[in-house]
Amino acid sequence: MKGQAEQQKGATKTVKKVKTTNKRAPVRLWVKAVFTGFRRSKVQQNENQALLKIEHVNDVASSRFYWGKRVAYIYKAHSLKNNTKFRAIWGRISKAHGSNGVVTARFGRNLPPRAIGSTLRVFLYPNRA
């Protein structure tokens, strides 16, 4: 009888389920780009055309994939708006600039000069493939 009682106690033992976390890196649907300055000549600059250097893009052929893609300059403001301090200026990549993979982008509002050298997000949509 003792053996059966011990077996029944062991049978009612529950196993705890351990929640496993996903150990893969999170998917990022954007590529880093650096705002290098405005498109300009010797005597004037066009503030409505921003020059961006996209990460791992080194020639015109590889920059062609990003033409038409959306770009966001995300910055932090002092006051809350829509329950967040973060704001964004959206733009679109329009064409290549030179042969080293730099592209020209146009934004809804022109980028501020303090953004020169900062990181922008080039989103991988709209996708034409």
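Residues numbered from 1 in each chain as written. Predicted model: local features only at pLDDT ≥ 70, side-chain atom pairs only at ≥ 80, totals over all residues. Heavy atoms only, no water.

(A) View of the sheet that holds strand S4 (residues 84-97). Taken in spatial order, the six strands close into a barrel running S1-S2-S5-S4-S3-S6, and their pairing is antiparallel. Sheet twist, expressed as the average angle between the axes of neighbouring strands with direction ignored, equals 45 degrees. As paired elements, strand S1 (residues 30-40) and strand S2 (residues 45-54) share seven bridges and run antiparallel to each other. Along S2, the bridge assignment pairs phenylalanine 38 with alanine 50. (Pairing = 2+ DSSP bridges. Helix = DSSP H or I, 4+ residues; strand = E, 2+ residues; numbered from the N terminus. Axes fitted to C-alpha atoms, helices over the stretch in contact; angles between N-to-C directions.)

(B) Local environment of the pairing of S2. Here S1 folds back onto S2 in antiparallel fashion, the turn holding four residues. Across four bridges, the pairing between S2 and strand S5 (residues 102-107) is antiparallel. Within S5, the position partnered with leucine 52 by the bridge is valine 103.

(C) A look at the nonpolar core. With 21 residues, the main nonpolar core has Phe35, Leu52, Ile54, Ile93, Phe107, Leu111 and Leu120 as its most contacted residues. With four residues, S1 is the largest single contributor of residues to this core. Once residues within four sequence positions are removed from consideration, phenylalanine 35 is found in contact with Ala50, Leu51, Leu52, Leu111, Pro112, Ala115, Ile116, Gly117, Ser118 and Leu120. (Core = buried A, V, L, I, M, F, W, Y, C linked by side-chain atoms within 4.5 Å. Buried < 20%, exposed > 50% of the residue type's maximum accessible area, 1.4 Å probe, protein only. Contact = heavy atoms within 4.5 Å.)

(D) Quick peek at the side chain of threonine 104. Among the structural elements, threonine 104 can be located in strand S5. With sequence-adjacent residues up to four places away left out, threonine 104 is seen in contact with Gln49, Ala50, Leu51, Arg92, Ile93, Ser94, Lys95, Ala96 and His97.

(E) Looking closely at the pairing of strand S3 (residues 70-81). Bridge count between S3 and S4: eight bridges; the pairing is antiparallel. Paired with lysine 81 across the bridge in S4 is threonine 84. With antiparallel pairing between neighbouring strands as the criterion, S3 and S4 make up a hairpin whose turn holds two residues, including asparagine 82 at a positive phi of roughly 60 degrees. Direction of pairing for S3 relative to strand S6 (residues 119-123): antiparallel, over a ladder of two bridges. Residue pairing across strands places valine 71 opposite valine 122, the latter belonging to S6.

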